[in-house]
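Topology and contacts: notes
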Amino acid sequence: MRHALELAWRGWGRVSPNPLVGAVVLRGDETVAEGWHAEFGGPHAELAALHAAGEKARGATLVVSLEPCAHHGKTPPCTDAIRAAGVRRVVAAVRDPDAEARGGVEVLKRAGIETQIGPLTEEAAALNAPFLFTRQQTDRPFVALKLATSIDGRIADAGGRSQWISGPEARDHVHWLRAGFDAIAVGGTTALMDNPQLTARGLTPRKPPVRIVFDRRAMLNLGVSLVQTAREVPTWVMASPEAPISNVSVLEGNGVRVFRPETLAQAFAQLRLAGIQSLLCEGGGALGAKLLAEGLVDRLYWVQSPVWLGEGAVAAFAGIPASPLADAPRWVVVERRPLGSDTLLVLDRRLCLPES
Ligand SMILES: NC(=O)c1ccc[n+]([C@@H]2O[C@H](COP(=O)([O-])OP(=O)(O)OC[C@H]3O[C@@H](n4cnc5c(N)ncnc54)[C@H](OP(=O)(O)O)[C@@H]3O)[C@@H](O)[C@H]2O)c1
């Protein structure tokens, strides 16, 4: 199953809004074939693995990181292919809660195939957190916050400089990360001060992530790279209803799509309606803290760098209300990974486990 989870990652950036799925065909202890969902609309992992196994699938065990689908979507039901291949036993890490695809385990059982949910259910749920989250909650996207901080929890020095707190390995990792999200967001101050491009480099996503700036007064100007390239890469601004019309017109005239929600919750609802299922917010501190305080962050990608910035530098998590220790929110550690001299810690507010 661990290998099936590793294979699933090969679809990163290519399969959204579908889940990441990997599969292995076993005969006894021997792996006879493997497969993964490589492209949206393309064969599912089970089909790829069964195809690679050929006749060896007969009587074998299929190990898959997500329950096989039981519906006709862009491809026929995986449960049909599993039956036709003569598989004896199916082990799936986690249930598929999707209203259309679910129920694969019951279909397989009725066909006399042995089934099992788990092991590695929690790891598989974390792997597909955006997919599982959006099947449970429909009013907003899955929101991840990425911050690079100093040892003392600062995101920029006292002069507002943050390039670069983290090293090249961490920055490469962020490019890879971006490719798997539907949208990348920053606060207006970050867009103005850092002038980021917010594109995914190194891995070509199936669709470039939409770039979003939370900028209530629509202050972005033509000197900012995001506005200059808005006709090449989709760029949206979340302004407020009070944003000056003249500012909004300049942005729209340069290919920026402007939304005017009244609240952050409304902004996220509008993004979900516009087709955004997962969003990676890359700061800065003000926007990140606001999202955290309003309970709108589902995952934190926290890059910790071995540098001290001291008093007066910009705090990463300012404004979070105090909690007595006994009631303090405790997040789930999903991953710890060294990136050069930095450390990536991935934390989820909660695991999105479907009912089994
Ligand atoms: N180390 C890192 O990972 C990292 C990452 C990014 C940025 N940075 C650094 O962080 C600094 C900037 O951070 P910052 O905290 O000053 O600013 P910021 O979070 O980038 O931007 C604050 C912006 O968010 C907007 N905003 C807040 N709430 C909003 C809402 N409900 N709806 C729409 N917009 C909303 C504000 O607009 P209004 O003013 O109109 O309220 C303001 O323009 C820079 O120095 C940058 O270099 C570091």
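Cut-offs used in this document
- Residues numbered from 1 in each chain as written.
- Predicted model: local features only at pLDDT ≥ 70, side-chain atom pairs only at ≥ 80, totals over all residues.
- Helix = DSSP H or I, 4+ residues; strand = E, 2+ residues; numbered from the N terminus.
- Rg over C-alpha atoms; globule rule 2.2 N^0.38 Å.
- Buried ≥ 20, exposed ≤ 12 C-beta atoms within 10 Å, placed from the backbone.
- Contact = placed C-beta atoms within 7 Å.
- Pairing = 2+ DSSP bridges.
- Axes fitted to C-alpha atoms, helices over the stretch in contact; angles between N-to-C directions.
- Near = placed C-beta within 6 Å.
- Parallel < 35°, antiparallel > 145°, perpendicular 65-115°, else oblique.
- Left-handed = near helix turned anticlockwise from the far one by under 90°.
- Nonpolar A, V, L, I, M, F, W, Y, C, P; charged D, E, K, R; others polar.
- Right-handed = clockwise from strand over helix to strand, strands pointing away.
- Domains from an automatic or database assignment.
- Core = buried A, V, L, I, M, F, W, Y, C linked by C-beta atoms within 7 Å.

Another point: the overall build of the protein chain. A count of helices and strands for the protein chain gives 12 helices and 16 strands. In terms of overall dimensions, the protein chain is globule-like: its C-alpha atoms have a radius of gyration of 22 Å, near the 21 Å expected for 356 residues. Taking all 356 residues of the protein chain together, 44% fall into the buried category. The contacts in the protein chain between residues at least 6 apart in sequence include a share of 72% that link residues at least 24 apart.

Attention now moves to the sheet that holds strand 15 (residues 332-339). Spatial ordering of the open sheet is given by 11-10-9-8-12-6-13-16-15, a layout of nine strands whose pairing is mixed. Unpaired on one side and paired on the other, strand 11 (257-259) and strand 15 mark the two borders of the sheet. Taking the axes of each pair of neighbouring strands and ignoring which way they run, one obtains an average angle of 20° across the sheet. Pairing of strand 10 (residues 235-238) with strand 11 involves three bridges; the strand directions are parallel.

This next bit is on the site of the ligand. Not every one of the 28 residues close to the ligand is listed here, only the nearest: Gly187, Gly188, Thr189, Gly283 and Gly284. Of all the elements in the fold, those that place two or more residues in the shell around the ligand are strand 6 (142-149), strand 7 (154-156), strand 8 (183-187), helix 8 (188-194) and helix 12 (285-293). By residue number, the principal contributor to the shell around the ligand is helix 8, which donates five residues.

Their axes nearest at 9 Å, the elements helix 2 (residues 45-53) and helix 3 (residues 78-85) cross at an angle of 20°. Looking at the two axes, helix 2 sits roughly parallel to helix 3. As helix 2 runs across helix 3, the sense of the crossing is left-handed. Taking contact as the criterion, the partners of Glu46, Leu47 and Leu50 in helix 2 are, on helix 3, Cys78, Ala81, Ile82 and Ala85. Of the residues belonging to the contact of helix 2 with helix 3, the class tally is six nonpolar, no polar and one charged.

Going residue by residue along strand 4 (residues 89-92), you find Val90 and Ala92 tucked away on one face and Arg89 and Val91 left uncovered on the opposite face. Bridge count for strand 3 (residues 61-64) against strand 4 is four bridges, and the pairing is parallel. Pairing of Val63 across the sheet is with Val91, part of strand 4. Taken together, the four bridges between strand 4 and strand 5 (residues 114-117) define a ladder with parallel strand orientation. Note on strand 5: the bridge partner recorded for Ala92 is Ile117. For the crossover from strand 4 across helix 4 (residues 104-110) to strand 5, the handedness is right-handed.

Another point: the domain arrangement of the protein chain. By the assigned domains, the protein chain splits into domain 1 (2-127) and domain 2 (135-348). On a C-alpha basis, the centres of domain 1 and domain 2 stand 34 Å from each other. When grouped by side-chain class, the residues that make up the side of domain 1 that touches domain 2 number five nonpolar, two polar and two charged.

Counting residues in each nonpolar core, the largest one holds 99 residues, and the members touching the most others are Ala49, Leu62 and Val64. Here this core spans two domains, since at least three of its residues come from each of domain 1 (2-127) and domain 2 (135-348). For Val64, the residues in contact, after removing those within four places along its chain, are Ala4, Val21, Ala23, Ala45, Glu46, Val90 and Ala92.

Turning to the sheet that holds strand 4, a few remarks are in order. Strands sit in the order 2-1-3-4-5 across an open sheet of five strands; the sheet is mixed. The open sheet has two edge strands, strand 2 (30-36) and strand 5, and neither has a second partner. The sheet shows a mean angle of 15° between the axes of neighbouring strands, taken without regard to direction. Contacts from helix 2 reach strand 1 (22-27), strand 2 and strand 3 within the one sheet, and its direction differs from that of strand 2 by about 135°.

We now examine the environment of Thr343. When you line up the elements, Thr343 lands in strand 16 (residues 342-348). Along the primary structure Thr343 and Leu47 are separated by 296 residues, whereas in three dimensions their C-alpha atoms are 37 Å apart. Residues within four places of Thr343 in sequence aside, it is in contact with Gln304, Arg336 and Pro338.

For a regular strand, the rule is simple: side chains alternate between the two faces of the sheet. Burial analysis of strand 15 places just zero of its eight residues in the buried class, a small minority of the element. By the bridge criterion, seven bridges tie strand 15 to strand 16 in an arrangement that is antiparallel. For Arg336, the partnering residue across the bridge sits in strand 16 and is Leu345. Taking the residues between adjacent antiparallel strands as the criterion, strand 15 and strand 16 are bridged by two residues, where Gly340 takes a positive phi near 60°.

This paragraph deals with helix 6 (residues 129-136). The buried fraction of helix 6 is high, at six of eight residues. Listed in full, the buried residues belonging to helix 6 are Ala129, Pro130, Phe131, Leu132, Phe133 and Thr134. Where helix 6 is buried, its residues meet helix 5 (121-127), strand 6, strand 12 (278-281), strand 13 (299-304) and strand 16.

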